[in-house]
Amino acid sequence: PVKNFNPPTKKWESMYQASLQFKATHGHINILTADVSTEEEKELLKWVKHQRTSYKAYLEDPMGRNHSMTSTKVYRLKEAGFDWIVEDKRKWLSEGTMPTSDTGKRKRGRPRKSETSTSEERLKKKHRKDEEDRKKARPIRQKWLEMHESLRQYKAAHGTVNIPEDDNSEEHKELKLWVKAQKANYIRWNAGADVGMTSEKAELLTELGVEFAPSWDEMFAQVVAYKSQHGHINVTSEEDAALASWMLKQNHVLGRHLMGMTTRLKKEQISRLMNVGFEGGRFKFVSGDGRIEGVSFGGVVDFDAKWDLMFGQLQDYKNENGHCNVPTSAGTDLSNWVAAQRRMYGKLISGKPGKRSFLDASKMQRLTDLGFQFRPRGSYYSWEEQMVELKKYKEETGDCKIPVNHERLGSFVKLVRRDYKKYVQGKKCGMTAAREAELQALGFVFEGGKTPERKVTQPKSWEERYQDLIRYKEQNGDTIVPQNSGRLGQWVHAQRVHYKKFKKGEQSQMTAEKALKLSEIGFCFDAAERFRGSRISTMQRPLETAEEVQVQIPDVPPALGGSFY
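Residues numbered from 1 in each chain as written. Predicted model: local features only at pLDDT ≥ 70, side-chain atom pairs only at ≥ 80, totals over all residues. Heavy atoms only, no water.

Asker: Looking at this structure, I do not really get helix α14 (residues 361-370). What am I missing?
Answerer: Given 3.6 residues per helical turn, the α-helix brings residues three or four places apart onto the same face. Within the sequence span of α14, burial applies to Lys-363, Leu-367 and Leu-370. Here the buried residues of α14 occupy an arc of 60° about the axis, which is enough to place them on one side. Among the exposed residues of α14, those oriented more than 90 degrees off its buried face are Ala-361 and Asp-369. Two residues or fewer past α14, Gly-371 is found with a positive phi of approximately 100°. (Buried < 20%, exposed > 50% of the residue type's maximum accessible area, 1.4 Å probe, protein only. Helix = DSSP H or I, 4+ residues; strand = E, 2+ residues; numbered from the N terminus. Arc of directions from axis to C-beta.)

Asker: Where do I start with the packing of helix α18 (residues 462-476) against helix α19 (residues 487-504) in this structure?
Answerer: Geometrically, a packed helix pair is captured by the angle between its two axes and the distance between the axes. For the pair α18 and α19, interaxial distance at closest approach is 10 Å and the crossing angle is 110°. Between α18 and α19, the angle is such that the two are roughly perpendicular. Listed contacts from α19 to Trp-462, Arg-465, Tyr-466, Asp-468, Leu-469 and Tyr-472 of α18 are Arg-487, Leu-488, Trp-491, Val-492 and Gln-495. Within the contact of α18 with α19, the residues separate by chemical class into seven nonpolar, one polar and three charged. (Axes fitted to C-alpha atoms, helices over the stretch in contact; angles between N-to-C directions. Parallel < 35°, antiparallel > 145°, perpendicular 65-115°, else oblique. Contact = heavy atoms within 4.5 Å. Nonpolar A, V, L, I, M, F, W, Y, C, P; charged D, E, K, R; others polar.)

Asker: What exactly am I supposed to notice about the packing of aromatic side chains here?
Answerer: Both the distance between ring centres and the angle between the ring planes are used here to describe each pair of aromatic rings. Under the criterion given, the structure shown has 18 aromatic pairs. Ring pairing ties together the aromatic residues Trp-12, Tyr-16 and Trp-47, which thus form one cluster. Its end group placed over the ring of Tyr-16, Arg-76 keeps NZ or CZ at 4.7 Å from the ring centre. Here the basic side chain of Arg-366 rests over the ring of Phe-311, its NZ or CZ set 4.6 Å away from the ring centre. (Phe/Tyr/Trp six-rings, centres within 6.5 Å; stacked < 30°, edge-to-face > 60°. Lys NZ or Arg CZ within 6 Å of the ring centre and 35° of its normal.)

Asker: Could you clarify how one ought to interpret helix α17 (residues 433-442) in this entry?
Answerer: Those residues of α17 that fall on the buried side of the exposure criterion are Glu-436, Leu-439 and Leu-442. One face of α17 carries all of its buried residues, which in axial projection span an arc of 125°. Away from the buried face of α17 by more than 90 degrees, exposed residues Ala-434 and Ala-441 are located. Here the buried face of α17 lies against α15 (383-397) and α16 (410-425). Looking one or two residues beyond α17, the residue adopting positive phi is Gly-443, at roughly 80°.

Structure, rendered in structure tokens:
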């Protein structure tokens, strides 16, 4: 059913005929090893096996190049009664059995017994084997032992294995990097990665005094123990700085996961964190006096306490300034909190998946009642207020030439000039005839800056350019206007282009009447031809008489025939 890449060769045809002869003698074409008695039958057996192998590859990929089977060969072999699977193999495959030898081993070349294990069981087997291989002790290399000995000597000399960070000497540089690598490998090894760390190496380093960071499971066990003792997981830095820092990081990573971001936390770890009381986020609990007491993970109450505290600061800001527009560039806790509320509001109204916001309806209502603007805008002034300010500016300066960077009226000036341009063009805008008259009475400058006036010139007609060409000929004695000499040169070049299209019968702006008028003044329709003629004449005559070369220009352009008349 597909294209034949390899048509039957002469060799294939001869073997096919031999198979037909074998069928005429034995009644079938399925020759077996027991039937081989001559060299011809041996060759035929090899050919038959090759056809079966090619047919299997053909079924997997009919267009493939790794076999020589084609649809034509398949059809002819089937027509001859060729059996792709011999009878005994067909029986074994249908029954799922496997004939074995006396020793119980599988016979070579026979089909395997059908698999009874599922893919899940095979996968479990593979995982178990990988785990066993990972846990096998590996021989420690000599280089590792040498670095371990160097660390032991460093401890004997300095009394510790912790090389200071500011120690950049060449003597200890390699050793410091090696110790860091061992600590990093230990963490990854505990997580299940195969990084070369073994229990034997870890034991040697521990005996020497190297302190490894506890694993995730060990830190989580400390959290569980703390909760069972205190009833909550609000660990303060005074109690255990390392545990509090670890919990803060885990809560932050969990928050990123809940927002749909990619993290390294496993599903099992996420479930364990949330079951013990983690909720995700990176807020810190602040007491009434503004002191950070500890990291809060125990529920919504602690997050609300932080929010209520900042909301109280926003109320104080409004009572003092009369509005809630805290400058976000201030860099204070209140300005950062205000920016966070607007950012979470944007996530809430975006409706996109994975955008999780901690801002609920009750908090939004409290902020709205206070006068908080989730989408702040600039100060708004009416037209009358702007005109009052404009009159004050004129009384102070004597004119209305207001720079666009003016603190109070700069934006207004830019808006008025933009609307005035639209008004002149007839487009919809805020400018009206009454407002225009009011501004003109004050001497408002509608077009500021040093923008030069643009002169719009109408293009000349064909007749006007024709008259310019006549005047050019009177002054220069010919009509060969250089193309780069201005508008006339471009027009002359365009006439030659249009004339060529006109001769070919293509659509063109050239007409017979225009061509006749150009011919009457000696117009050169082919400047290249004239230039070649001038070069030939120059080569035939002395160099000093080259200026006297004259090229005869026909009165009527060729190939126009009687179309002029």
